[in-house]
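Given next are the chains, with one letter for each unit.
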Amino acid sequence: MLRSGAKAAAVAAARAITPAQGHRHAQAQNEPFRSPFHGLWEREGSWPRPVLVAVPAVMFRCRVAARLVRALGPRSRGRAGAGNLFQRWKLPLEAQLSRQMGGSGVPGGKSDTAILTFLAGLSAVGGGVYVYRMLKEDQQRYKDRVALMEMRRQQMGKPPAGRVLFVPLYLSLAAPEIEASARPECPSHAPFLLIGGGTAAFAAARSIRARDPAARVLIVSEDPELPYMRPPLSKELWFSEDPDVTKTLRFKQWNGKERSIYFQPPSFYVPARDLPYIENGGVAVLSGRKVVHMDVRGNVVKLDDGTQISYDKCLIATGGSPRNLPVIERAGKEVLQKLTLFRKIDDFRSLEEISREVKSITIIGGGFLGSELACALGRKAQSKGLEVIQMFPENGNMGKVLPEYLSNWTTNKVRREGVNVMPNAVVKSVSVSGNRLLIKLKDGRKVETDHLVAAVGLEPSVELAKSAGLEVDSDFGGFRVNAELQARSNIWVAGDAACFYDIKLGRRRVEHHDHAVVSGRLAGENMTGAAKPYWHQSMFWSDLGPEVGYEAIGLVDSSLPTVGVFAKATAKDTPKSATEQSGTGIRSESETETEASELKVSAASPSSLQVPQQGEDYGKGVVFYLRDKVVVGIVLWNIFNRMPIARKIIKDGEEHADLNEVAKLFNIHEE
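This structure is a prediction, so every number in the text was calculated from the model and none was measured.

Novice: Honestly, the pairing of strand β24 (residues 539-543) in this entry has me stumped. Any pointers?
Specialist: Within a regular beta strand, the side chains point alternately toward one face of the sheet and then the other, so they alternate between its two faces. By the criterion of burial, β24 is predominantly enclosed, with five of the five residues buried. When β24 meets strand β25 (residues 549-554), the two strands line up antiparallel, connected through five bridges. Each residue of the ladder has a partner; that of Met539, found in β25, is Ile553.

Here is the structure:
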């Protein structure tokens, strides 16, 4: 009996036969060579899902294996022995005699079987090497074919009818084409990955697409909303007369024009699952997802649901989270349930609803956000009987930014809006008394209220620094980056989370809308090869309603020496009038990196620094902040659309003998 091992070896030897040999053998037998997988060929109209089939070699090897088994079986061995095999292959008589005379044993005996086993094994090894090389080549051809097919499909929409695609069956089982409905929600790779869905990320995405129209950009945002602008959350939205403003999120700017808080409508973005397949690329947003780990060596990030995304270039624009007072954090769950940390759309919606249900709201914080919310809620309080309290440790509103006289004037302005302003107030404890909150101050004063709003600053989000091995600045916080906003060769940082070096003012970290726009745009340009340094002096603005507002640039710190030059305001010196001229309420959208080309200051004799008298009506004016007699910061009070001049003054870094003459550059005395 021929052992099963010999049969298996014979089958293995058959697998080493090439498809070309199979065709020649079939022709010699006058038989058509047909694959058993013939029915799998693609039919006309089955596009776009290709039908992947096996190569003809599979059929031929099966046929040859069957012949070998029959030749070596018991019945064949009884008739012709080993020579029968050579007769079936029509070998010359001399070769057959030589084969039979060379055997020392009985035909079909152990010696014969050993030789056949050796030959079959040798053939199997050679066949294995051939198959391995064939599979590797077929795999590469398959990848190239798929890429070419996808490109042609996108260009032509549909291939010529009846086209047949020849792809190995083993590859069809491993990598079938995925229908749109079956694609994973999150792509496994993004050429441009932007972590964070705020202003900086959107500005970067727009910049990348401007320089590379076919770029595929993926934004991963922890926020459930599409990218939107934050300034209206504490300004214009509160002055809307639309009862459904929390749903529509549309508002009228000071100039009366209406717009949405979102940068772009949903139709602007492509679904994330379709991003790798879109012909001309696009911008996709994964909302409500958070990147929790970053492998900078492997260029891979991990999301909070375990999903991994690889990237070519990455931007970190994680922004920050609102700070809280430690005394409130320790107050307990009941107090925290009556607290709003104002930052996002959900915070606006929640606070707007609360303002219609409670009788008293207390805002802790006297900076930009706290003062804007106080004015907005105060105006609403006048019509609905809501008590609005604002408390802060400084002497007046925006006391850390504005000089004392202007801070005091601003405090009076906020009070005229119906707000109970409490300066020099340091919170000692917060507790629940009945169904209300009881706030105790260090000077012994007590305040009862229904709800708290903490507006005490921003903490940059740098959680990824540990896993990514990125450096965090110990003085200012945020990721330390170079002049091109790079943290690594293929990683950039923009917005609130970036700590950059200012060639004029030193290392800084800025938390304003204009900085997010400009730094995001620059990061996007550099991600596409621009290699441009960050030199822009970002501006910021704050409006205390439609009548009073200011714009600022550079280092504006009330601890610095200041010079203020003021004049009588006119009807056009208001934020409302400014937006009518510029056409937008988000002023940094019209004034980005512009600066005046040349400044001419008239020569004048040196003058002493003049401090305005208390009680003056500061209609409009310019406040210069000095360091070593050089202007390092400027506040334009009710003066708008003059920021390029201020930017040029700071960039020049010159010492001016008479700042009254410099103030004339802003047309301060125009009627």
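Novice: Would you take a moment to explain a positive patch on the surface for this structure?
Specialist: Together, Lys428, Lys440, Lys442 and Lys446 line one region of the surface with positive charge. Locating Lys442 in the fold gives a position in the loop between β15 (436-441) and β16 (446-449).

Novice: Quick question: what am I supposed to make of the sheet that holds strand β22 (residues 498-502) here?
Specialist: As a general point, the strands of a sheet are linked pairwise by backbone hydrogen bonds and lie either parallel or antiparallel. Spatial strand order, β19-β22-β23: three strands in an open sheet with mixed pairing. Looking at the sheet topology across the chains shown, the edges are occupied by β19 (479-480) and β23 (506-508). Direction of pairing for β19 relative to β22: parallel, over a ladder of two bridges. Residue pairing across strands places Arg480 opposite Cys499, the latter belonging to β22.

Novice: Explain the nonpolar core here, please?
Specialist: Side chains of a nonpolar character, in soluble globular proteins, are inclined to be buried together. Counting 105 residues, the largest nonpolar core has Leu218 and Met294 as its most contacted members. Apart from residues lying up to four places away in sequence, Leu218 is in contact with Pro187, Ala190, Phe192, Leu193, Leu194, Ala272, Leu275, Ala284, Leu286 and Ile309. In terms of nonpolar packing, the next biggest core, distinct from the first, is built from 24 residues, Met643, Ile650, Leu665 and Ile668 among them.

Novice: Looking at this model, I keep getting lost on the sheet that holds strand β10 (residues 339-341). Mind explaining?
Specialist: Strand order in this open sheet of five strands is β10-β17-β11-β12-β13, and the pairing throughout is parallel. Two strands in the sheet have a free side with no partner beyond their single neighbour: β10 and β13 (419-422). Averaged over all pairs of adjacent strands, the angle between strand axes in this sheet comes to 20°, irrespective of strand direction. In terms of strand pairing, β10 meets strand β17 (residues 451-454) through three bridges, oriented parallel. Directly across from Leu339, in β17, lies its bridge partner Leu452. Here helix α14 (residues 368-384) sits on the sheet in contact with β11 (360-364), β12 (387-391), β13 and β17, set at roughly 160° to β12. Contacting β12 and β13, helix α15 (residues 404-416) runs over the sheet at an angle of about 145° to β13.

About the thresholds
- Residues numbered from 1 in each chain as written.
- Predicted model: local features only at pLDDT ≥ 70, side-chain atom pairs only at ≥ 80, totals over all residues.
- Heavy atoms only, no water.
- Buried < 20%, exposed > 50% of the residue type's maximum accessible area, 1.4 Å probe, protein only.
- Helix = DSSP H or I, 4+ residues; strand = E, 2+ residues; numbered from the N terminus.
- Pairing = 2+ DSSP bridges.
- Patch = residues over 30% accessible without salt bridge, like charges linked within 9 Å, V, L, I, M, F, W, Y side chains within 5 Å.
- Areas by Shrake-Rupley, 256 points an atom, 1.4 Å probe, with all protein chains shown as cover.
- Salt bridge = Lys/Arg side-chain N within 4 Å of Asp/Glu carboxyl O.
- Lys, Arg positive; Asp, Glu negative; His and termini not counted.
- Charge placed at Lys NZ, Arg CZ, Asp CG, Glu CD.
- Core = buried A, V, L, I, M, F, W, Y, C linked by side-chain atoms within 4.5 Å.
- Contact = heavy atoms within 4.5 Å.
- Axes fitted to C-alpha atoms, helices over the stretch in contact; angles between N-to-C directions.

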